[in-house]
Amino acid sequence: MQKEQDQILNEVTTGEYKYGFYTDIEHDSIGKGLNEDVIRLISEKKNEPEFMLQFRLKAYRHWLTMKMPGWAHLDIPPIDYQELVYYSAPKQKARLSSLDEVDPELLETFNKLGIPLEEQKHLAGVAVDAVMDSVSVKTTFKETLAELGIIFCSFSEAVREYPDLVRQYMGSVVPYTDNYYAALNSAVFSDGSFCYIPKGVRCPMELSTYFRINAANTGQFERTLIVAEDNSYVSYLEGCTAPMRDENQLHAAIVEIVAMEGAEVKYATVQNWYPGNKEGKGGIYNFVTKRGICKGDNSKISWTQVETGSAITWKYPSCILKGDNTTGEFYSVALTNNRQQADTGTKMIHIGKNSKSIIVSKGISSGVSNNSYRGLVKVLRGAENARNFSQCDSLLLGDKCGAHTFPYIESNNQSAIIEHEATTSRIGEDQIFYCNQRGIATEDAISLIVNGYAKEVLNKLPMEFAVEAQKLLQISLEGSVG
Amino acid sequence: MSTITKNMSLRDQFLNLYRDRAGDISANSAPLLNNYRDGALARLEDLGFPVKGSEEYRYADIESVFKNDLQKDFGDIRVTFNIREIFHCDVPDLDTNLLLLVNGRYYNGSELIRKLPGGIIAGSLAQAAKDYPEIVEKHYGRYAGASDDGLVALNTAFAQDGIFIYVPERVKSEKPIQVVNIMISDNDLMAQHRNLFIAEDGAEAKIVVCDHSLSAHRFLTNSVNEVFTGKGAQINLTRIQNEHNGSSQITHSYSHQEAGSNLTASIISLHGGFIRNNIFVTLNGEHAENHSMGLYLSDKGQYIDNFVHIDHASPNCFSNQLFKGVLDDYASGSFNGRILVRRDAQKTNAYQSNNNILLTDDAKMYSRPQLEIYADDVKCSHGSTMGRLDDNALFYLRSRGIDKREARLMLMFAFAHEVIQNIKVKALQERIDDLVNKRLRGELSRCNNCAMKCG
Amino acid sequence: MLVIKDLKVSIEGGEILKGVSLEVNAGEVHAIMGPNGSGKSTLAAVLAGRDLYEVDSGTISYMGEDLLEKSPEERAKEGLFLGFQYPIEIPGVSMVNFMKTAINEMRKHRGEEPLSASEFLKKMRQKKELVEIDSSLTNRSVNEGFSGGEKKKNEIFQMAMLEPKLAVLDETDSGLDIDALKVVARGVNNLRSSENAIIVITHYQRLLDYIVPDYVHVLYKGRIVRSGGKELALLLEEKGYEWIRQEELNL
């Protein structure tokens, strides 16, 4: 029985990455390496106003003074930042005015990924900004959204069209001094999405950015900025894939969210960057800084993430609960297989009175992977009646992987209540036997149990993405049960 | 008084101090202990002093503790006092074999080693290293030696004496062995002693360590304890920290447990200005069982920091950590507990719990319960809470006519008692209950027999 | 003894009691019945002084004094007892210490000497027999690890120990089997005298077969919509709360 399980586990964990194809399209790239001239060139290529160039240069100079953080439970091989290409754009005909002008190769690429850019084929009520390598390829439903005063466009366009908004909010949640990768991103980021929801507007559709790394030897550095004015609402989705390559590629993104009084922002990620092969060759280094601030009273930010891809993940979507009665949420499923490494979690900083946060983290380790939850809950002195509850569970599939939990809990307020619980377990033989006895094959039983284990988090995703995420878990698990 | 200049790093200060005083240090110790000094100095040079903000010393400011200019006693300083006059153990009904440690040095006139019934040996570590080198050699530095904490190397380089307890195979020590560790001086003083407790296979021992400070000076202790628990051996170790607020204590405790052994260690921190307890346990044989517990009651500007690391190096072991604390005024505290389950340590059961009550908005607490797990067939869990007294329980007590203040005290006492109830020496348990009760009521405003009024 | 006038109570902005008036005299037993969510437990909690609830208006006088002014412990010392619907577990606080502290606080309030250890233990023993509570329960922490039935018996035991003037029993019968129910009833009937009063809050008529009330009130949506003698309880049992709902609709 045990043996058979091991074998099935093995089979399940050896599943192929199905988004690993490469699109043969001409790229407009600059040479590899990083210096001030490269940064000037990026800024120039993007036709940026002077303040952007200055912001980039300040960030770059600061980055030079920093060191890669070493505190995570990760084994990161040295990265030669001079060997990377910092700008690569798929070559397209002149500027687009309609979809017909999008390069058919690109359309095909996104179709293959299940992300149709034709609006008539849209995923039920989802507007998409498609980003390939360094630039945004196409944003759908822009006009529909504009009628409500919602701005949804590529970051480059926002810099050109709405410089005041960009200037006001960019770097206000994640300053370029924040950490090594944030500084790097601030210096070289090439595109990303911008979203602005005016006062009192409920965004009628899901907004989504789809990131695709295509070119080789290229780092992807995008940034996303979401501003939700008073009493507005938006739900945002992010997906990502990359071709299979033998070398490691760097992805260092920034996401900033500002929620004003009474606003609610939901941000969901299904992260499926290429994880490398079974032996740990290739794969994306995913070093991402995501942070939201509940600036106004009664505002709410909710992060949901399903992390199955990337060779190494270093990512802590966080909430600064500045206003009174604010709410921060973090729901995460992180699955690592083969030689993947993940160190992910959140930070909840309670500043406002009656601020609440909830953390639900479900780690699943298999193969010879290492999966760590790392999270900070910090209650400042004035955060009266702050409340946090954290539940961080780990599931081990097989005896060669590692599952770790590293919470940091800091309280400086006597009325605050903070609770943290964590358990580590494996799938019980009796559970599998029970399923077998009801006619369910072991492999299906494992998938069933893992999905049940992750359900609390998957339920937080919009419907069609929850289904996708479930499938993804199943595929990512292929070959992994014991 | 030393002439150390302030602009030198702490590490270099101590390296220089050693160079200046190497003769005294060796002369007033034992050759066996002296053998380890050079290696330790090289390690210290390499590791340096811990830095605040590092993962290990995230909240503990070691530098500030060392910044005071403290006298070091290498055996050449005489403090004049009559120990019988100033100290008597006030635990009624506690019949123990008493060992005294004064300023890090074994104190008992001419009798440096005591032979107790059953062949138990207890007394000065330096003397034991001369009389029983084969026993000391087998364990000294074996458990703490691999540490990458510069403070452990510092201790190994400078430690001259300490307490040695040896319980031979299958011998059960009838009476608890009590170590009274006293700091008393005419000047501000630093001490670095070294204890070695050995329970051979099947042996049983109850050990009580009481820390006191008896003069109104600044004290700093940087001590290392090594504890060996042989196959099937049982040690029950209780430590009561009750030094005044002008004192700082850094203790590094390394316990090594063989198969089927049981070590239950409790640390009750009643008083002390700065307390850092490093607790490392290695479960090195199957079916070993470890209970590590702590209770801390801190107020004023006290700092309490428990850093616990349980290494499940063998399958089928059990460990449980329970640390609870109440922080009042502007006290701050930290708990860091790690359970490490190694690749082959299947069927591990490991638990960890840290519960804190903050009584004011000026008090701070940091908690880091951690799991690092590399085996799949394990049961591990941890929990950490921070908060206030339970409103429902408070209301229930008040609805029965109990005053709010009294009800709060009852709940705090109950909160603390969960730790105390695990202390197996009955007379001691009752005494600690009493001390904790008084402490919570503010009646233990100064420690027993202490001349110094804290705060 | 107890006069409640037009009491309006809310929690987090939601109004639960919408004007309740009730008068209870010494020697009387009142039953308050009503469907779930009608405000029965809120009324009990407000009487005992739980600060989760906001008293928006109305008055409560107890023994001629303003009850709302007093802290929970003052109310208890003056003889008001609440039997909790869900008794609280307090790990680490022993039943003996808990009861001894409570009794002596009350004695102090009345200007009496504290009970000696032997007097106290004697009293414990007597009362334990009365409510048939297992001896070992009183050696444990307050309610910790008690079954549902044991917790309820423990409430009655505490009531017997504290000998209140006014006992408010909040659904003490819920979840009890018939034997435990009889024990509870015996405890309550023992307390009954011309000097004491009892308010029994219950969902079912069953308990009232054993504790026969002088008055029955029906609490519905935060108001007492009907009052009557014990026959009202039987009527309710027969027709169900749906009947009240219909009657209300017709009004």
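Residues numbered from 1 in each chain as written. Chains lettered and ligands numbered in written order. Predicted model: local features only at pLDDT ≥ 70, side-chain atom pairs only at ≥ 80, totals over all residues. Heavy atoms only, no water.

Asks: I'm lost on the overall build of chain A in this one. Help?
Replies: Regarding its fold elements, chain A presents 11 helices and 24 strands. Out of the 482 residues in chain A, the part that is buried amounts to 65%. Contacts in chain A between residues at least 24 apart in sequence constitute 83% of all its contacts with a sequence separation of at least 6. Total accessible area on chain A stands at roughly 17,500 Å², and carbon and sulfur atoms take up 48% of it. (Helix = DSSP H or I, 4+ residues; strand = E, 2+ residues; numbered from the N terminus. Buried < 20%, exposed > 50% of the residue type's maximum accessible area, 1.4 Å probe, protein only. Contact = heavy atoms within 4.5 Å. Areas by Shrake-Rupley, 256 points an atom, 1.4 Å probe, with all protein chains shown as cover.)

Asks: Please explain the sheet that holds strand 6 (residues 80-83) of chain C as it appears in this structure.
Replies: Within a sheet, adjacent strands bond to each other through the backbone by hydrogen bonds, running parallel or antiparallel. All names here are of chain C. The sheet built from six strands is open, its strands ordered 6-9-10-3-11-12 with mixed pairing. With one partner strand each, in any of the chains shown, strand 6 and strand 12 (223-228) form the two edges of the open sheet. Strand-to-strand twist of the sheet, defined as the mean angle between neighbouring strand axes without regard to direction, takes the value 20°. The strands that helix 5 (residues 148-162) touches are strand 6 and strand 9 (166-170); relative to strand 6, the one it contacts most, it runs at about 170°. Taken strand by strand, helix 8 (residues 241-250) contacts strand 3 (29-33), strand 10 (197-202), strand 11 (215-220) and strand 12, and its axis lies near 115° from that of strand 12. (Pairing = 2+ DSSP bridges. Axes fitted to C-alpha atoms, helices over the stretch in contact; angles between N-to-C directions.)

Asks: Any chance you could explain unusual backbone geometry here in plain terms?
Replies: With the exception of glycine, the majority of residues adopt a negative phi angle, and the majority of peptide bonds are in the trans configuration. Unlike most non-glycine residues, Lys-300 of chain B shows phi in positive territory, near 45°. Position of Lys-300 of chain B among the secondary structure elements: in the loop between strand 16 (289-298) and strand 17 (303-312). Phi angles above zero are rare outside glycine, and Glu-163 of chain C is one such case at about 45°. Within the secondary structure layout, Glu-163 of chain C lies in the loop between helix 5 and strand 9.

Asks: Any chance you could explain the pattern of salt bridges here in plain terms?
Replies: Should the charged atoms of two oppositely charged side chains come close, the side chains can pair. In total, this model carries 55 salt bridges over all chains according to the counting rule given. For Arg-374 of chain A, the salt bridge goes to Asp-343 of chain A, with nearest N and O atoms at 2.9 Å. Taken together, the residues span a long stretch of sequence, with Arg-374 of chain A in strand 21 (residues 370-379) and Asp-343 of chain A in strand 18 (residues 341-344) at a distance of 31 residues. Judged by its relative accessible area of 0%, Asp-343 of chain A is buried. For Arg-398 of chain B, the salt bridge is made with Glu-73 of chain C, and the minimal N-O distance between the two is 2.5 Å. Here Glu-73 of chain C lies in helix 2 (residues 72-77) and Arg-398 of chain B lies in helix 9 (residues 391-398), a pairing that spans two chains. Like Glu-73 of chain C, Arg-398 of chain B is buried. Taken together, the shared-partner salt bridges connect Arg-426 of chain A together with Lys-347, Asp-376 and Asp-377 of chain B into one network. (Salt bridge = Lys/Arg side-chain N within 4 Å of Asp/Glu carboxyl O.)

Asks: Sorry, what's going on with the interface of chain A and chain B here?
Replies: How big an interface is tends to be reported as the loss of accessible area on association of its parts. Taken together, the 36 residues of chain A in the interface contact 37 residues of chain B. Taken together, both faces of the contact between chain A and chain B bury some 3,000 Å²; the carbon and sulfur share is 45%. Looking only at chain A, the three residues that lose the most surface to chain B are Tyr-408, Ile-409 and Gln-414 of chain A, adding up to 19% of its buried area. At the junction of chain A and chain B, the tally comes to three salt bridges. Salt-bridge contacts for Asp-377 of chain B lead to Arg-426 of chain A; the nearest nitrogen and oxygen are separated by 3.4 Å. In this assembly, chain A and chain B are joined by 21 residue pairs in polar contact (both at pLDDT 80 or more). Of all the secondary-structure elements, those providing two or more residues to the side of chain A that touches chain B are strand 21, strand 23 (402-411) and strand 24 (417-426) of chain A. In terms of residue class, the side of chain A that touches chain B is built from 12 nonpolar, 16 polar and eight charged. Direction of pairing for strand 24 of chain A relative to strand 22 (residues 379-387) of chain B: antiparallel, over a ladder of seven bridges. In the strand pairing of strand 22 of chain B, Glu-419 of chain A is matched with Thr-385 of chain B. (Buried area = accessible area lost by both parts, 1.4 Å probe. Polar contact = N/O pair within 3.5 Å; in protein donor to acceptor, adjacent residues only side chain to side chain. Nonpolar A, V, L, I, M, F, W, Y, C, P; charged D, E, K, R; others polar.)

Asks: It is not clear to me how the confidence of the model for chain C should be interpreted in this structure. Could you clarify?
Replies: Close inspection of predicted coordinates is inappropriate in any region flagged by low pLDDT. Scored by pLDDT, chain C comes out at a mean of 90, with 100% of its residues at no less than 70. Here the predicted complex carries an ipTM of 0.85, next to a pTM of 0.86. (pLDDT = per-residue confidence, 0-100.)

Asks: I would appreciate a short explanation of the interface of chain B and chain C in the present structure.
Replies: Facing 17 residues of chain B, the contacting portion of chain C comprises 30 residues. Considering only the surface of chain B that becomes buried against chain C, Phe-395, Tyr-396 and Arg-400 of chain B emerge as the three largest contributors, covering 40% of it. In this assembly, chain B and chain C are joined by three salt bridges. Between Asp-403 of chain B and Lys-77 of chain C there is a salt bridge whose closest N-O contact spans 2.7 Å. At the boundary of chain B with chain C, the tally comes to 10 residue pairs in polar contact (both at pLDDT 80 or more). Of the residues forming the side of chain B that touches chain C, the biggest block, seven residues, is contributed by helix 9 of chain B. The residue makeup of the side of chain B that touches chain C, split by class, is eight nonpolar, three polar and six charged.

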